[in-house]
Amino acid sequence: TGDMLRAAVAAQTDVGKQAKEYMDSGMLVPDEVIIGVVKERLDQPDCKKDGWLLDGFPRTAAQADALAEAGISADCFIFLNVSDSILVERVVGRRTDP
């Protein structure tokens, strides 16, 4: 959804403008705006024709409910079961210390 947010902001869509306000003020973008960004993106011709993959979405029950209410459902799900120690190792490896 991060890429979707940045694209919506760059395209200056209505939900992109809403997201930008939150992002510029350092606040988390609320569910209703995130949901709007995702729904807007999934309604694009390439997603309708070629399909889509959501990484880390939905993260909340509200997000999942909103997708269901919009009639959006996935054909399949991929569940990655990774141990906490591996996840910590990967995250720490990405950290930079200026």
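Here the structure is shown first, and the text comes after it.
Please read all numbers here as calculations on a predicted model, not as lab measurements.

Conventions and cut-offs
Residues numbered from 1 in each chain as written. Predicted model: local features only at pLDDT ≥ 70, side-chain atom pairs only at ≥ 80, totals over all residues. Heavy atoms only, no water. Helix = DSSP H or I, 4+ residues; strand = E, 2+ residues; numbered from the N terminus. Buried < 20%, exposed > 50% of the residue type's maximum accessible area, 1.4 Å probe, protein only. Contact = heavy atoms within 4.5 Å. Areas by Shrake-Rupley, 256 points an atom, 1.4 Å probe, with all protein chains shown as cover. Lys, Arg positive; Asp, Glu negative; His and termini not counted. Charge placed at Lys NZ, Arg CZ, Asp CG, Glu CD. Core = buried A, V, L, I, M, F, W, Y, C linked by side-chain atoms within 4.5 Å. Axes fitted to C-alpha atoms, helices over the stretch in contact; angles between N-to-C directions. Parallel < 35°, antiparallel > 145°, perpendicular 65-115°, else oblique. Nonpolar A, V, L, I, M, F, W, Y, C, P; charged D, E, K, R; others polar. Salt bridge = Lys/Arg side-chain N within 4 Å of Asp/Glu carboxyl O. Left-handed = near helix turned anticlockwise from the far one by under 90°.

### Thoughts on the overall build of the chain
Part 1 of the reasoning: Within the chain one finds 6 helices and 0 strands.
Part 2 of the reasoning: Helices and strands in the chain line up, N terminus first, as α-α-α-α-α-α.
Part 3 of the reasoning: Dimensions of the chain along its principal axes, counting C-alpha atoms only, are 40 × 35 × 25 Å.
Part 4 of the reasoning: Every one of the 98 residues in the chain was classed for burial, and the buried ones make up 24%.
Part 5 of the reasoning: Taking contacts inside the chain between residues at least 6 apart in sequence as the whole, the part at least 24 apart equals 44%.
Part 6 of the reasoning: Accessible surface, the chain as shown: approximately 7800 Å² in total, 52% of it carbon and sulfur.
Part 7 of the reasoning: The positive charge centre, built from 11 side chains, and the negative charge centre, built from 17, are 5 Å apart in the chain.

### Observations regarding the nonpolar core
Generally speaking, a soluble globular protein has its nonpolar side chains buried in company with each other.
Part 1 of the reasoning: Ranked by size, the top nonpolar core spans 19 residues in total, and within it Val38, Leu54 and Phe57 carry the most contacts.
Part 2 of the reasoning: Elements with a contribution of two residues or more to this core: α1 (2–11), α2 (14–24), α3 (31–42) and α5 (61–69).
Part 3 of the reasoning: Leaving out residues up to four positions away in the same chain, Val38 has contacts with Thr1, Met4, Leu54, Phe57 and Leu67.

### A look at the packing of α1 against α2
Part 1 of the reasoning: Between α1 and α2, the shortest axis-to-axis distance is 8 Å and the interhelical angle comes to 110°. In terms of orientation, α1 and α2 fall into the roughly perpendicular class. Packed against α1, whose contacting residues are Leu5, Ala8 and Val9, the element α2 presents Gly16, Ala19, Lys20 and Met23 at the interface.
Part 2 of the reasoning: For the contact of α1 with α2, the per-class residue count stands at 5 nonpolar, 1 polar and 1 charged.

### Quick look at the pattern of salt bridges
Here the idea is simple: oppositely charged side chains can pair when their charged atoms come close.
Part 1 of the reasoning: Taken as a whole and assessed by the stated rule, the structure comprises 5 salt bridges.
Part 2 of the reasoning: We note a salt bridge from Arg41 to Asp46, for which the minimum N-O separation is 2.7 Å.
Part 3 of the reasoning: You can call Asp46 partly exposed: its relative accessible area is 36%.
Part 4 of the reasoning: As a salt-bridge pair, Lys49 and Asp50 come within 3.3 Å of each other at their nearest N and O atoms.

### Some details on the packing of α2 against α3
Part 1 of the reasoning: For the pair α2 and α3, interaxial distance at closest approach is 9 Å and the crossing angle is 145°. Judged by the sense of rotation from one axis to the other, the crossing of α2 with α3 is left-handed. Contacts between α2 and α3 pair Val15, Gln18, Ala19 and Tyr22 from the former with Val33, Gly36, Val37 and Glu40 from the latter.
Part 2 of the reasoning: In terms of residue class, the contact of α2 with α3 is built from 5 nonpolar, 2 polar and 1 charged.

Without other data, these values stay purely geometric and don't point to any function.
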